[in-house]
Amino acid sequence: MFEEQFRSVKRKHPLIHSITNLVTINDVANMIIACGASPIMAIAPEEVQEITAIADGLNINIGTLQEKTVEAMLLSGFTANMKGIPVILDPVGVGASSFRKRTVHRLFQEIRFSAIKGNAAEIRCLLEESGEMKGVDGAEEGTMESFVSIAISLSKKTGSVVIMSGETDIVTDGSRTCMITNGHPMMKDVSGTGCMLSGMITSFCAADSHHLFEAACAAVMTMGIAGEKASEAMLPSMGNATYRTRIIDAVYTMKETDFKESVRYEMQ
Amino acid sequence: MFEEQFRSVKRKHPLIHSITNLVTINDVANMIIACGASPIMAIAPEEVQEITAIADGLNINIGTLQEKTVEAMLLSGFTANMKGIPVILDPVGVGASSFRKRTVHRLFQEIRFSAIKGNAAEIRCLLEESGEMKGVDGAEEGTMESFVSIAISLSKKTGSVVIMSGETDIVTDGSRTCMITNGHPMMKDVSGTGCMLSGMITSFCAADSHHLFEAACAAVMTMGIAGEKASEAMLPSMGNATYRTRIIDAVYTMKETDFKESVRYEMQ
Amino acid sequence: MFEEQFRSVKRKHPLIHSITNLVTINDVANMIIACGASPIMAIAPEEVQEITAIADGLNINIGTLQEKTVEAMLLSGFTANMKGIPVILDPVGVGASSFRKRTVHRLFQEIRFSAIKGNAAEIRCLLEESGEMKGVDGAEEGTMESFVSIAISLSKKTGSVVIMSGETDIVTDGSRTCMITNGHPMMKDVSGTGCMLSGMITSFCAADSHHLFEAACAAVMTMGIAGEKASEAMLPSMGNATYRTRIIDAVYTMKETDFKESVRYEMQ
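All figures in this text were calculated on a predicted structure; none of them were measured in a lab.

Trainee: Would you take a moment to explain the overall build of chain A for this structure?
Mentor: Scanning chain A from terminus to terminus reveals 11 helices and 9 strands. A compact globule built from 268 residues should have a C-alpha radius of gyration of about 18 Å, and chain A, at 17 Å, falls within 12% of that. For chain A, the C-alpha atoms occupy an extent of roughly 45 × 40 × 40 Å along the three principal directions. With 268 residues in all, chain A has 65% of them scored as buried. The contacts of chain A with a sequence gap of at least 6 include a subset with a gap of at least 24, amounting to 75%.

Trainee: So what exactly am I meant to see when it comes to the sheet that holds strand 8 (residues 177-180) of chain A here?
Mentor: Remark on secondary structure: sheet strands pair via backbone hydrogen bonds, oriented parallel or antiparallel. All names here are of chain A. Within the open sheet, the 9 strands sit side by side as 2-1-3-4-5-6-7-8-9. Their pairing is mixed. Two strands in the sheet have a free side with no partner beyond their single neighbour: strand 2 (38-41) and strand 9 (265-267). With strand direction ignored, the average angle separating the axes of adjacent strands in the sheet is 20 degrees. Pairing of strand 4 (residues 87-90) with strand 5 (residues 115-119) involves 2 bridges; the strand directions are parallel. Note on strand 5: the bridge partner recorded for Leu 89 is Ile 116.

Trainee: When you look at the environment of Thr245(B) in this model, what are you seeing that I'm missing?
Mentor: Residues and elements named next belong to chain B. One can find Thr 245 in helix 10 (residues 240-253). For Thr 245, a count of 25 C-beta atoms within 10 Å translates into the label buried. Thr 245 sits 55 residues away from Val 190 along the chain, and the two C-alpha atoms are 9.8 Å apart.

Trainee: Would you mind going over the relation of the copies chain A and chain C with me for this structure?
Mentor: There are two copies of the chain, and a rotation about an axis plus a shift along that axis relates them. Mapping chain A onto chain C leaves a residual RMSD of 0.0 Å; the transformation is a rotation of 120 degrees accompanied by 0.0 Å of translation along its axis. Classification of the inter-copy transformation places it as that of a three-fold axis. Among all residues of chain A, the minimum C-alpha distance to the rotation axis is found for Leu22(A), at 4.1 Å.

Trainee: Whenever I open this one, the pairing of strand 7 (residues 169-172) of chain B confuses me. Can you help?
Mentor: Consecutive side chains along a regular strand alternate between the two faces of the sheet. Residue and element names in this part refer to chain B. Here strand 7 shows a buried face lined by Asp 169 and Val 171 and a second buried face lined by Ile 170 and Thr 172. Two strands pair when backbone bridges link them, and strand 6 (residues 161-165) and strand 7 are joined in this way by 3 bridges, in the antiparallel orientation. Bridged to Met 164 within strand 7 is Ile 170. Linking strand 6 back to strand 7 in an antiparallel pair, the connection comprises 3 residues. Here strand 7 folds back onto strand 8 (residues 177-180) in antiparallel fashion, the turn holding 4 residues, of which Gly 174 has a positive phi close to 100 degrees.

Trainee: Sorry, what's going on with helix 4 (residues 67-83) of chain A here?
Mentor: Residues and elements named next belong to chain A. With 17 residues, helix 4 should cover 24 Å at 1.5 Å per step; its first-to-last C-alpha distance of 25 Å lies within 8% of that length. Within helix 4, the full set of buried residues consists of Thr 69, Val 70, Ala 72, Met 73, Leu 75, Ser 76, Gly 77, Thr 79 and Ala 80. On its buried face, helix 4 is in contact with strand 1 (15-19), helix 3 (48-54), strand 3 (57-61), strand 4 and helix 5 (98-110). Gly 84 sits one or two residues past helix 4 and shows a positive phi near 80 degrees.

Trainee: Which parts of the structure should I look at to understand the interface of chain A and chain C?
Mentor: Interface size, as often reported, equals the accessible area lost upon joining of the parts. Contacts between chain A and chain C engage 31 residues on the former and 25 residues on the latter. Every element with two or more residues in the side of chain A that touches chain C is listed here: helix 2 (25-34), helix 5 and helix 10 (240-253) of chain A. With 5 residues, helix 10 of chain A is the largest single contributor of residues to the side of chain A that touches chain C. Of the residues belonging to the side of chain A that touches chain C, the class tally is 10 nonpolar, 14 polar and 7 charged.

Trainee: What is the right way to look at the interface of chain A and chain B in this model?
Mentor: Every contact between the two is made by 25 residues of chain A and, on the other side, 31 residues of chain B. Those elements that provide at least two residues to the side of chain A that touches chain B are helix 2, strand 2, helix 3 and helix 10 of chain A. Top contributing element to the side of chain A that touches chain B by residue count: helix 2 of chain A, with 6 residues. In terms of residue class, the side of chain A that touches chain B is built from 16 nonpolar, 5 polar and 4 charged.

Trainee: For this particular structure, what's the right way to read the relation of the copies chain A and chain B?
Mentor: Rotating chain A by 120 degrees about the axis while translating it 0.0 Å along that axis superimposes it on chain B, leaving an RMSD of 0.0 Å. Here only 12% of the interface residues in chain A have copies in chain B that are interface residues too; the copies meet through unlike faces.

Trainee: Where do I start with the sheet that holds strand 4 (residues 87-90) of chain B in this structure?
Mentor: Residue and element names in this part refer to chain B. Overall, mixed pairing links the 9 strands, which are arranged 2-1-3-4-5-6-7-8-9 in an open sheet. Of all strands in the sheet, those bounded by a partner on one side alone are strand 2 (38-41) and strand 9 (265-267). Looking at each pair of strands side by side, their axes are set apart by 20 degrees on average, direction ignored. Here strand 5 (residues 115-119) runs beside strand 6; their pairing, made up of 5 bridges, is parallel. Of the residues in strand 6, the one forming a bridge with Lys 117 is Ile 163.

What counts and what doesn't
- Residues numbered from 1 in each chain as written.
- Chains lettered and ligands numbered in written order.
- Predicted model: local features only at pLDDT ≥ 70, side-chain atom pairs only at ≥ 80, totals over all residues.
- Helix = DSSP H or I, 4+ residues; strand = E, 2+ residues; numbered from the N terminus.
- Rg over C-alpha atoms; globule rule 2.2 N^0.38 Å.
- Buried ≥ 20, exposed ≤ 12 C-beta atoms within 10 Å, placed from the backbone.
- Contact = placed C-beta atoms within 7 Å.
- Pairing = 2+ DSSP bridges.
- Axes fitted to C-alpha atoms, helices over the stretch in contact; angles between N-to-C directions.
- Least-squares fit on C-alpha atoms with pLDDT ≥ 70 in both.
- Expected span 1.5 Å × (residues − 1).
- Nonpolar A, V, L, I, M, F, W, Y, C, P; charged D, E, K, R; others polar.

Structure, rendered in structure tokens:
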């Protein structure tokens, strides 16, 4: 059922406004193009509302947060909610500073998010507003059941689709849960695969805003399959930089048949 | 006649100060190197005048505009004009917000631009100070004649060489017009090909500031030829990320003979 | 003796906080991953102290300096010094503006640096607080002896390990000096090889903070060897963009045996 969402992005070519972090901003732009959407970046409070007003989806990423950007996020989020377009949150490294926690707290007070994507530590932190993590990719110990339960809890608490990335990716809307096992271990060796995924989730949700759960699942599957395809025929001299290029390429060249044949998931 | 300009950048190795957008800043730097020039980036109002003072050309791009950067642009533009070095404007997505329109209006009041590069929508917006576009790559309907006429009008109004990018690129200084048909459709699937082109136009103009029209033409031709070369022998697994790398590579490795053999244009 | 440091990064996987320039921030992140460490970027004064507090090393690069970032650098540097983790300075283009000179002056007053990496012009500028350079890659004339003497003087003056990059890289702690001849001329055609090296020096120093001199040497050697490996089997169509990708790849895939076999240096 997810190939419909995969197809939809390429057909509708939604315009995605990203207020994203400065480390991976270029990869996010090229990934949004790769999956069939169109990127626009704007960060100044003076203009973000107008930019969001012409967009089909809003992608908020707190990776290199600055005071001004928080203001921009609030203004854009407000506009997106008024307009009824999907808003996605990537709470990068939220546990790492009180500034990030405070910011996310404020974003939650003023913006309704269609979807939230983070790793186990980030999702747990959002739920508990406490938590410890090592850097932005901080792994967390826990059983699969505990992860699913945390994701479902956050989804119920916020009304958002929650995507918890990990070896198995979990997507839930509180009632339905999808466990996706596509992906490749080397993806964690590329800076920004998480940010690229958020850009892609926003693109898919914008293209099919009436099926946010399915759209988020399809985006996560696409990213995972791309990670697998990109790892094929890697020569011994190729490392994380070539792999990065290949992941974006794999999304760009992915056909609906590739998607259908390669997808691996289980519904709960 | 344009191979002279192509050669000139590599011989003179001009230093280019870019105040550019944060999405594509790295690609702009590497493209400036690829064509034979040397990049320097500085954005703080506290220092941009000193940086422009040691540069041979100034590249202004409004892609991810911020309040502080506008100030920096005005200071650098003033210094560049006083010093008599070329200043190039890339009015990215100018139609998308009043902040961008206001900023460009102010830039025009205080800076004399050697060249302005935009797509049809952006150039039209500059001319009309009104206009609608979808995102930064917004296509516009119109006949070739109307495009040429708009470009010439803006050139006459501003005294700048105007470069209107599109399937056919138009370069005009108001009296002479050059239609360049090099290029490849996949270039629009790479974020920042326009920004890279602006960096290259600045490099070419800085290397031959007495022939701005010819320099701008040669830069546009170089970019178009690079897009063509980069598309050769693309494997089915290669997408927009590999293509991006190859475009920069193609500029880096381009010989004067390649340039002469591949260039396709018509003078009017 | 340097293979121990090479090994150490991969084993200890230190977390590196970079306050770096916006042109090359993505390459720095991927290079830090490539050598075995883990990157975290944060630039807001509101949070940098907390980020540094969880990090194992701090990388400060003044490439696209802004007022706010200077504040962040001072706060992070203070925290790093209190905590006793290595702090590395990359004084990119320090000679190019008085803002950069002033900033470096202030950084030196308030932060104790474990290591300082620059080209001849930058190191000389730090020493003399005067100097002329063309752009950030400004070459300087001078004999090898004069370079070594300048590096040693700065090291004695500051108590930092000094890395002077050039055709022959010089690393000194004031008493020992290592001349490293690994590297490739094409490295200067990639924007940000210097910034990537600084990220890598920070990673190596963080992994072995009791042997800063050896760690800095090993990082410089790794970068040089990567430049050599990356140049092998380059096709005529490949340019500086492919070469950039390959340098990061070469660090990612480098084995300890490659390192030992390829390293070329002389101790003084």
